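Secondary and tertiary structure notes
What follows is the residue order along each chain.
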Amino acid sequence: MINPFIYGEEVVGDSFINREDELRMLTRDIESNERIFLISPRRYGKTSLIVSLFSILRERRWLTARIDLYKATSLESLANLYGVSIIRSIESKPEKWIRFLKEFIPMLRPTITINPDGQAELSLNLHPREQNIELLLDKLYNLPEEIAVRHKKRVAIAFDEFQEIRTLNGEKIEKALRANIQRHHNVSYIFAGSKKRMLYDMVSKPSSAFYKMGKVIHLNKINRKDFERFIITKFSQARRSISEDALEKIFTITEEIPYNIQFLCHQIWDKYYGQKKITVDDVEATVKDIAFGQTPIYTTIWDRLTLHQRRVLKAIAASGGKGIFSQDFRQQYGLDSPASVQTSVNSLISHEFLDRENDSYVFLDVFFKEWISRRMSDFGSE
Ligand SMILES: Nc1ncnc2c1ncn2[C@@H]1O[C@H](COP(=O)(O)OP(=O)(O)O)[C@@H](O)[C@H]1O
Ligand SMILES: [Mg+2]
């Protein structure tokens, strides 16, 4: 049986744990034409949720397109990505793509190639020197509304990793996008993103182009009971089982981050393939394997940190990350002034080693945390 635990890509169908409440709320909001800012740390399941939401909407005859802004490295690539995503969401047949472009944006010429899997790929020939890229983008931003009106359909567009728009040409592009989409009445928008602080700034700072442009939804981890049921079912479908304390251990170590749970379960599944019952010791041993397997990477990271930053990380790994500025805490872990702890923490957050969750500081990579906690006892190194 193939490994049922999937990580590192969006999960769909049978591998998607139904986020019923979230889907119900999002469907309702989208249908009432609300603009949504969907925010969570990386790997919580935003993309997977959008993919599921869009398949519900398509069953209701909506047209949907998702644009991953991580892939847009310049205005030209944004235009290409945007145009292609929209055309592909509307016309599935390659022979119709050309007709579509002629109808809507005659100035663009498409290139259609066949990829090694035998599927047709579309790209737009943009000649930045010949045309004004900003004008072209304006045209593209309005395309969904034009299509909606002409085809008498509702359209939903998701910008995934929306904060990356800031890396393009800053304010100017945000203002242009805003100016266009606020005139759209038949298109609903989702702006999803992982850089929490940046996205909050984008919607809540009066000076920002997207100030009060939509409703903010904070995506939480997945309901624990649902995740448990998913894991138990996947093992039992292969006539295998997992003990209750093993499950408990999985949830604590992974801090219930969906990606981590799937990743850990995937490794457990493979490591103990022939074994009928998974125990808590098996979970422990797998975590140790994973952390140890990352040693070359973690050592490189570790070597680049300052001594003070290492101390802060060790302290957070050992303590759980609450009250790290208190005198007791600093004394216990040999940290000096609150200001110096703050400096290290800020730097560790900006390098995405730590994140702030309510009043405590957490590791973004829980296996890095495991590696730090175990390195002295298990790996014999300081
Ligand atoms: N609803 C879900 N059901 C099962 N696993 C999920 C779900 N959502 C997320 N995951 C797990 O988390 C990983 C990251 O999900 P993804 O949608 O890419 O998150 P994000 O877009 O927030 O970074 C997936 O590859 C999968 O392992
Ligand atoms: Mg994503």
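Look a little higher up for the structure.
Residues numbered from 1 in each chain as written. Chains lettered and ligands numbered in written order. Predicted model: local features only at pLDDT ≥ 70, side-chain atom pairs only at ≥ 80, totals over all residues. Heavy atoms only, no water.

**A word on the sheet that holds strand 5 (residues 155–160)**
Overall, parallel pairing links the five strands, which are arranged 2-5-6-1-7 in an open sheet. Of all the strands in the sheet, just strand 2 (63–68) and strand 7 (215–218) have a single pairing partner and so form its edges. Taking each pair of neighbouring strands and ignoring which way they run, the sheet shows an average axis angle of 20 degrees. Sheet topology note: the strand 5/strand 6 (residues 187–193) ladder contains five bridges and is parallel. Directly across from Ala-156, in strand 6, lies its bridge partner Ser-188. Packed on one face of the sheet, helix 2 (residues 46–59) meets strand 1 (36–39), strand 2, strand 5 and strand 6 and runs near 165 degrees to strand 2. Packing against the sheet, helix 7 (residues 196–204) makes contact with strand 1, strand 6 and strand 7, and its axis sits at approximately 160 degrees to strand 1. (Pairing = 2+ DSSP bridges. Helix = DSSP H or I, 4+ residues; strand = E, 2+ residues; numbered from the N terminus. Axes fitted to C-alpha atoms, helices over the stretch in contact; angles between N-to-C directions. Contact = heavy atoms within 4.5 Å.)

**Description of the side chain of Gln-163**
When you line up the elements, Gln-163 lands in the loop between strand 5 and helix 6 (171–181). Among the residues examined, Gln-163 registers a relative accessible area of 0% and is labelled buried. Leave out the neighbours within four places in its chain, and Gln-163 touches Tyr-70, Ala-192, Gly-193, Ser-194, Lys-195, Met-198, Leu-199 and Met-202. (Buried < 20%, exposed > 50% of the residue type's maximum accessible area, 1.4 Å probe, protein only.)

**A word on the packing of aromatic side chains**
Working definition: an aromatic ring pair is given by the centre-to-centre distance plus the angle between the planes. Considering all chains together, one arrives at 31 aromatic pairs under this definition. Here Phe-5 and Phe-230 contribute two aromatic rings whose centre-to-centre distance is 6.1 Å and whose plane-to-plane angle is 75 degrees, an arrangement assigned as edge-to-face. Of the two residues, Phe-5 sits in the segment before helix 1 (20–31) while Phe-230 sits in helix 8 (residues 224–237), which places them 225 residues apart along the sequence. With respect to burial, Phe-5 and Phe-230 carry one shared label: buried. With 6.0 Å between their ring centres and 70 degrees between their planes, Phe-5 and Trp-269 make a pair best called edge-to-face. On the criterion of sequence distance, the pair formed by Phe-5 in the segment before helix 1 and Trp-269 in helix 10 (residues 258–271) is long-range, its members being 264 residues apart. For the pair formed by Phe-5 and Trp-269, the shared burial category is buried. One aromatic cluster is present, built from ring pairs that chain together Phe-37, Tyr-82, Tyr-141, Phe-159, Phe-162, Tyr-189, Phe-191 and Phe-210. (Phe/Tyr/Trp six-rings, centres within 6.5 Å; stacked < 30°, edge-to-face > 60°.)

Bear in mind that shape data such as this cannot, by itself, settle questions of function.
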